[in-house]
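Structural description and commentary
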Amino acid sequence: MTESGERIIPGSRRPDGTLRKEIRVRPGYVPLEEQAVYVSRGAKFRDTSKMHIPGMDPQALAAAKAANAASLKSKSAKKNEKRKEKRTAAREPGAASATGTDSATAAARSLEQLDLGSGGSKAAAAPPPAAAQDPAAEAAKQARALKKKLRQCEVLKREDDEGKELTPEERRKLGMMAEWQQELDNLESLIS
């Protein structure tokens, strides 16, 4: 400190070897790092409102807040809450859909019905039955899928005739063309 009340931070050597000048600090100066951060009145009020009343039970405080929140809800909020309660009540008797076991059992059933060894013909021709669709609609859906496969086979056949090399999967698909045509004929006879 000097006689005028200024502090002097002595000069020093930086790691790269250069010299740092001495720094004079005026009396009463507070560095930025030490200055208090400004907090608005609204932020102060929010911080104080989070505190609970001394001596009050935290459970009683939570119950009071819940009662206050329930009384402040609008008509539509109350109606939506009742709907949500009905939905959850309807799910509970249905055997634990909240835990996700329904979706797991449905996935297991669909895996059991999947046939991997047939080259895809049975899996595409007979998807798992939907409860809401009638057999005619299901047959029409299968017929559309078979027609698409037959169109793709026609394209592959043209490419093969032109001399393009086909992959083993494409050759397998061409081999299934007659079987798919027969399945399509059977489906069309069922539909009509």
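Residues numbered from 1 in each chain as written. Predicted model: local features only at pLDDT ≥ 70, side-chain atom pairs only at ≥ 80, totals over all residues. Heavy atoms only, no water.

Section: the pattern of salt bridges
Here is the rule we go by: The term salt bridge refers to a pairing of a side-chain nitrogen on Lys or Arg with a carboxyl oxygen on Asp or Glu at a separation within 4 Å. Here a helix means four or more residues in a row that DSSP labels H or I, a strand means two or more in a row labelled E, and each is numbered from the N terminus. Categorising residues by exposure relies on relative accessible area from a 1.4 Å probe, with only protein chains included: less than 20% of the type maximum marks a residue as buried, more than 50% marks it as exposed, and the intermediate range marks it as partly exposed.
Applying the stated rule across the entire model yields 3 salt bridges. Salt-bridge contacts for Glu-188 lead to Lys-147; the nearest nitrogen and oxygen are separated by 3.9 Å. Of this pair, Glu-188 sits in helix α8 (residues 177-191) while Lys-147 sits in helix α6 (residues 135-161), and the two are 41 residues apart along the sequence. A relative accessible area of 38% places Lys-147 in the partly exposed class.

A closer look at the nonpolar core
Stated formally: Nonpolar core, defined: a set of buried Ala, Val, Leu, Ile, Met, Phe, Trp, Tyr and Cys residues in which side-chain atoms within 4.5 Å join the residues together.
With 13 residues, the main nonpolar core has Leu-146, Leu-150, Cys-153, Leu-174, Trp-180, Leu-184 and Leu-187 as its most contacted residues. Those elements giving two or more residues to this core turn out to be α6 and α8. At 6 residues, α6 tops the list of elements feeding residues into this core.

Considering the packing of α6 against helix α7 (residues 168-175)
As a reminder of what qualifies: Only the contacting stretch of a helix is used when fitting its axis, a line to C-alpha atoms as for every element, and angles between N-to-C directions run 0 to 180 degrees. Crossing handedness follows the turn of the near helix against the far one: under a right angle anticlockwise gives a left-handed crossing, and clockwise gives a right-handed one. The contact criterion used throughout is that any non-hydrogen atoms of two residues lie within 4.5 Å. Charged residues are taken to be Asp, Glu, Lys and Arg, nonpolar residues to be Ala, Val, Leu, Ile, Met, Phe, Trp, Tyr, Cys and Pro, and polar residues to be all remaining types, Gly included.
Look at α6 against α7: their axes get within 10 Å of each other, and the N-to-C directions meet at 115 degrees. Between α6 and α7 lies a crossing of left-handed hand. Facing α6, whose interface residues are Gln-152, Cys-153, Leu-156, Lys-157 and Asp-160, α7 presents Glu-170, Arg-171, Lys-173 and Leu-174. Here the contact of α6 with α7 is composed, by residue class, of 3 nonpolar, 1 polar and 5 charged.

Description of the confidence of the model for the chain
Definition in use: The pLDDT score gives, residue by residue, the confidence of the prediction method on a 0 to 100 scale.
Mean pLDDT over the chain works out to 78, with 75% of the residues at or above the 70 mark. This model gives residues 95-100 a pLDDT under 50, and the stretch forms 6 contacts once residues within four places in sequence are excluded. Segment residues 120-124 is flagged for pLDDT under 50; beyond a separation of four residues in sequence, or across chains, it makes 10 contacts in the model.

Regarding the packing of α7 against α8
The following threshold applies: Angular relationships are summarised with four words: roughly parallel below 35 degrees, roughly antiparallel beyond 145, roughly perpendicular across 65 to 115, and oblique for the angles in between.
The geometry of α7 relative to α8 is characterised by a closest axis approach of 4 Å and an angle of 40 degrees between their N-to-C directions. As the angle between them shows, α7 and α8 are arranged oblique. Of the residues in α8, those touching α7 at Lys-173, Leu-174 and Gly-175 are Met-177, Ala-178 and Trp-180.

A look at α8
The criterion, for reference: Take the residue count of a helix, subtract one, and multiply by 1.5 Å to get its expected span. Directions from the helix axis toward the C-beta atoms define the arc.
In this model, α8 (15 residues) spans 21 Å end to end at C-alpha, consistent with the 21 Å of a helix rising 1.5 Å per residue. Along α8, the residues that are buried comprise Met-177, Trp-180, Leu-184 and Leu-187. Within α8, the buried residues cover an arc of 85 degrees as seen down the axis, which keeps them to one side. Facing away from the buried surface of α8 by more than 90 degrees, the exposed residues are Ala-178, Gln-182 and Leu-190.

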